[in-house]
Amino acid sequence: FEDRGLVKVLAMINAIEIVNKSPLLADVNITLGYRILDSCSDVSTALRATADFTQQADCHAGSNTSTCGQPVMAVIGASYSETSIAIARQLTLKMIPQISYSSTAVILSDKSRFPAFMRTIPSDEHQTAAMVSLLNAFDWNWVGIVSTDGNYGQSALDQFVSQASENGICVSFKSILPQSVTGQEVFSAIKQTAKTIYKNPKVQVIVSFAKPTHMMYLYQELRNQTLTAGQNMESMRRVWVASDSWSSSTSVKGNLTLEDIGHVVGFTFKSGDLLSFSEYLSRLEAAGHDYTGNNSFMQEFYMQLNASKVSGDTELVSKAVNTLREHTDADTVFSVEMAVSAIAQAVASICRSRDCKTPGTVQPWEVLKALWMQEFKLREKSYRFDSRGDINLGYDVTMWRSGEGNIHVHDVVAEYHPHNNNFTHTNYSTTQQFKELKHIISKCSNSCIPGEFKKTAEGQHTCCYECINCTENYYSNNTG
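The rules behind each value
- Residues numbered from 1 in each chain as written.
- Predicted model: local features only at pLDDT ≥ 70, side-chain atom pairs only at ≥ 80, totals over all residues.
- Heavy atoms only, no water.
- Helix = DSSP H or I, 4+ residues; strand = E, 2+ residues; numbered from the N terminus.
- Expected span 1.5 Å × (residues − 1).
- Buried < 20%, exposed > 50% of the residue type's maximum accessible area, 1.4 Å probe, protein only.
- Contact = heavy atoms within 4.5 Å.
- Disulfide = S-S within 2.5 Å.
- Pairing = 2+ DSSP bridges.
- Arc of directions from axis to C-beta.

(A) Summary view of helix α6 (residues 151–166). Taking 1.5 Å per residue as the helical rise, α6 with its 16 residues ought to reach 22 Å, and the 23 Å between its terminal C-alpha atoms agrees with that figure. Where α6 is concerned, the buried positions are Tyr152, Gly153, Ser155, Ala156, Leu157, Phe160, Gln163 and Ala164. Tucked into the core, α6 has its buried residues touching α4 (81–93), α5 (124–137), β4 (142–148), β5 (170–177) and β6 (205–209). Just downstream of α6, Gly168 is the residue with a positive phi angle, here 70 degrees.

Put into structure tokens, the structure is as follows:
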């Protein structure tokens, strides 16, 4: 059971309940309903679920609609790009709009292949550009990459390698881990990745597009190999540049400390105000078990916590809500809220000119058309999907820190602006620590001094060279 997955579900329910009480929908005499289906992070399960509700649409096309449920007008999700790509192909057949809050694979921006897919976040093309800019700013040109196999990992890896190469950054090694998070092949790949990291001590910066579970296994394996070799734990410390897939996941540390791991610099999507969702969780806590009647996910969550011997009902509910608060990522909640607001305003714009109460009155393709054509508002700010169906607000750059026995992952030390490819620093106390990372060296070869020139061996990376003294009567006056 994934706590973060439940947070996304509850964020969507809260956003729908708020919009249903708003004048926007009251004025056209409609409310939004919802049906929540668990993909279990599995493509086949997601495809079966999608087939189930798209067949409902066929039901409405027939003559007898009395046995039909309400047709699905739009889909919010999925989380992972692999799943979004698979179900987008199905949804495109009926032009049912799909809005993801976290699928970032570049291929999904191709509207000739995915005309009904949209997202409330930027694609990986911008995230990898931001990472390359960060590496350049700190003068790190010798890096390693760890990635999970699949559409998301491969897409991000390819984008990063291409952009890094254009900017004079060399990739020392690429470790691609199997998509599965269990099984012998995963542990073999993790073991090999840890060995590769140890064999390359000059690579002090590692960029990772891996799943959180894979990162947890990798850190444990690095620790095991460090202890087996009788080395100091300091030898496993690196700067880890974390993609959005795990930059907010404290679970990756396992039983390690941040001092063991090194420094984690993460990229997260822009976030909004959490007040509404925080109040919703408080109401949920006050309602206790009364709320779980029609929410099977909450029932399962309570059962799981009950198995861990929490004493009374009040304590159980309190522990459940505290766990949800701990696993709330402001950027994901904001992205989900944007998706709900966009759909609500698209439907309202259609229903101003017709009665939408009867099922089948509004067609999914009409909702899709309205989503493309109109701006939508959330908390008095206006947003619009661009020509690729993306909303690109840039990224927050976070830096993990230790404090009071915990790891804090939400300190925003800089903001990345994609339109001019630059960073602005914030005033967080952690920002100074972030700037001091410049003292860490991640280069294959030291810079040559004036009077020397670079000599690169054939077949070697351009970042790896020898510094040779200039011959008599020749000179170089540049470092590099």
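There's more to say after this.
(B) Main features of the state of the cysteines. Evaluated as defined, the whole model comprises four disulfides. In this model, Cys170 is linked to Cys463 through a disulfide, with the two sulfur atoms separated by 2.0 Å. The S-S bond linking Cys170 to Cys463 shows a torsion near 85 degrees; that makes this disulfide right-handed. Separated by 293 residues along the polypeptide, Cys170 in strand β5 and Cys463 in the loop between β16 (452–455) and β17 (466–469) bring together distant segments of the chain. Residue class for Cys463 comes out buried when judged on its relative accessible area of 5%. Sulfur-sulfur distance for the disulfide between Cys444 and Cys464 comes to 2.0 Å. Looking along the S-S bond of the Cys444-Cys464 disulfide, the torsion reads about 110 degrees, which is the right-handed sense. Placement of Cys444 in the loop between α15 (431–435) and β16 and of Cys464 in the loop between β16 and β17 is noted, with a sequence separation of 20 residues between them. Judged by its relative accessible area of 6%, Cys464 falls in the buried class. Cys470 forms no disulfide, and the closest cysteine sulfur to it belongs to Cys448, at a distance of 9.0 Å.

(C) Examining the sheet that holds strand β3 (residues 117–119) more closely. On the basis of which strands lie adjacent, the open sheet formed by three strands has the order β1-β2-β3 and parallel pairing. Every other strand in the sheet has two partners, leaving β1 (75–76) and β3 as the edge strands with one partner each. Pairing geometry for β1 and strand β2 (residues 98–100), over two bridges, is parallel. Note that in β2 the partner of Val75 across the bridge is Gln98.

(D) Structural context of helix α12 (residues 313–326). With 14 residues, α12 should cover 20 Å at 1.5 Å per step; its first-to-last C-alpha distance of 20 Å lies within 8% of that length. For α12, every residue scored as buried is listed here: Leu316, Val317, Ala320, Val321, Thr323 and Leu324. Looking down the long axis of α12, one finds its buried residues gathered within 155 degrees of arc, a one-sided arrangement. Turned more than 90 degrees away from the buried face of α12, the exposed residues are Thr314 and Glu326. In this fold, the buried residues of α12 make contact with α1 (3–20), α10 (275–287) and α11 (296–306).

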